[in-house]
Amino acid sequence: MRNALGLMLASVVAAVVIAAGGWFYYSARADQGAPKTVAARAADQLPAQAKLAARDDVETTATIAAKPTAAAPAPAPAPVMPMQPKQACANPNALGVSRVVEIDTTGGPGFGFEHFKQFDFLTDKEVVLTFDDGPWPVNTPAVLKALADECTKGLFFSVGKHATYHPEILKQVLAQGHTVGTHTWSHVNLNSKKLTEQQVMDEVEKGFSAVRFALGTNPAPFFRFPQLQHNPAIVSYFGTRNVAMFSTDIDSFDFRKGATPEKIVETVMTRLDKLGKGIILMHDFQKHTGEAMPALLARLKAGGYKVVQMKAKATLQTLPEYDEALMKDMKVPTAGTNARPISSVVQTVSQ
């Protein structure tokens with residue numbers, strides 16, 4: 001009996017001990033679990049916030065990307081499309097450039113139906129705007145402004161001497177995206193009997209070197225003969241030098257005495273309306289040409305004409321002997337460092 005009572009008492013004590021131990025065990029687990037649960041929730045919230053911030057950054061960036069996603073708001077990308085020419089033009093109704101053609105000058109092709117009829121690449125209502133004899137103060141900048149206002153491009157045939165007088169203006173021509181060719185050193189008639197064969201060659205090659213010197217880079221291998229006087233020997237020579245020759249389809253006669261902006265516009269448009277297309281010859285050396293340009297471009301636009309820009313597939317390679325002769329004539333030091341670009345010599349370190 002005693003043994004039974006003792007056994008029962010021991011069982012009760014054991015049950016109490018087990019229950020108490022269990023209570024302390026689960027209480028301790030609960031106390032430890034609470035901070036872990038809170039910490040886990042806090043950790044969950046932080047990545048959620050980080051992900052949200054990341055999405056916000058992506059969405060903001062997308063509105064200024066060159067190729068916005070479909071989900072980006074339509075108004076936001078509009079002001080930031082610099083790679084598209086139409087967006088870059090400040091004039092929404094600009095004449096612009098309808099197409100750009102690249103010319104392979106191998107063999108010295110000719111353009112302009114007044115003298116060359118092989119390459120008829122313009123379609124109806126297309127024109128090429130060309131300018132001779134620059135660069136020149138006031139007049140060339142006036143032409144550049146008119147072209148810039150209509151976001152269109154031209155082809156400039158520079159006289160070598162003028163290029164050395166005003167290299168900063170010719171650099172502006174190139175910087176604004178126009179094509180720069182050449183027009184001899186001093187604008188002499190290359191068919192003149194007063195010139196020897198060597199003098200004719202010098203006029204051409206020294207003109208090339210002068211324009212290259214002014215630009216700081218090679219010009220296009222495009223050439224127009226002064227007074228449209230095509231020297232047969234030079235025509236053949238250009239075939240070996242891979243220089244394209246330019247005549248014209250429409251002469252503005254802006255160089256004539258008594259020319260006015262109004263007369264220039266009427267001369268060009270009358271001829272153009274008859275032909276329907278063509279390479280237009282003008283002179284950025286002439287004051288009245290710059291004055292006529294805004295009205296002429298407006299007439300072209302109103303008449304449904306489109307501007308084609310001509311570029312060369314390769315640049316013109318000048319001859320070293322003429323480059324050196326030009327430097328000597330101009331008394332320019334010819335140390336090797338002078339061939340370095342400005343950016344490698346002069347750099348802004350603080351502003």
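Residues numbered from 1 in each chain as written. Predicted model: local features only at pLDDT ≥ 70, side-chain atom pairs only at ≥ 80, totals over all residues. Heavy atoms only, no water.

Undergrad: Lay out the nonpolar core in plain terms, naming residues and giving numbers.
TA: When a protein is soluble and globular, its nonpolar side chains tend to lie buried together. Counting residues in each nonpolar core, the largest one holds 31 residues, and the members touching the most others are Leu129, Met293 and Leu300. Elements represented by at least two residues in this core include exactly strand 3 (126–132), helix 3 (139–149), helix 5 (167–175), helix 6 (197–215), helix 8 (261–275), strand 9 (278–283) and helix 9 (287–302). Setting aside its immediate chain neighbours within four residues, Leu300 contacts Leu95, Leu129, Met269, Leu272 and Tyr305. Leu122, Leu155, Ala220 and Ala244 belong to the second largest nonpolar core, which has 14 residues in total. (Core = buried A, V, L, I, M, F, W, Y, C linked by side-chain atoms within 4.5 Å. Buried < 20%, exposed > 50% of the residue type's maximum accessible area, 1.4 Å probe, protein only. Helix = DSSP H or I, 4+ residues; strand = E, 2+ residues; numbered from the N terminus. Contact = heavy atoms within 4.5 Å.)

Undergrad: Break down the pairing of strand 10 (residues 306–312) for me, citing the residues and quoting the values.
TA: As paired strands, strand 1 (residues 99–103) and strand 10 are joined by 5 bridges and run parallel to one another. When the sheet's bridge partners are listed, Arg99 is paired in strand 10 with Val308. Pairing analysis gives 2 bridges linking strand 3 to strand 10, with the strands arranged parallel. By the bridge assignment for strand 10, Val127 is matched with Val307. (Pairing = 2+ DSSP bridges.)

Undergrad: With reference to specific residues and values, describe the state of the cysteines.
TA: Counted under the stated rule, the structure contains 1 disulfide. Covalent S-S linkage joins Cys89 and Cys151, the inter-sulfur distance amounting to 1.8 Å. Here the disulfide of Cys89 and Cys151 is right-handed, its torsion about the S-S bond being about 85 degrees. In this pair, Cys89 is assigned in the loop between helix 2 (85–88) and strand 1 and Cys151 in the loop between helix 3 and strand 4 (155–158), connecting sequence segments 62 residues apart. On the accessibility criterion, Cys89 (14% relative accessible area) is buried. (Disulfide = S-S within 2.5 Å.)

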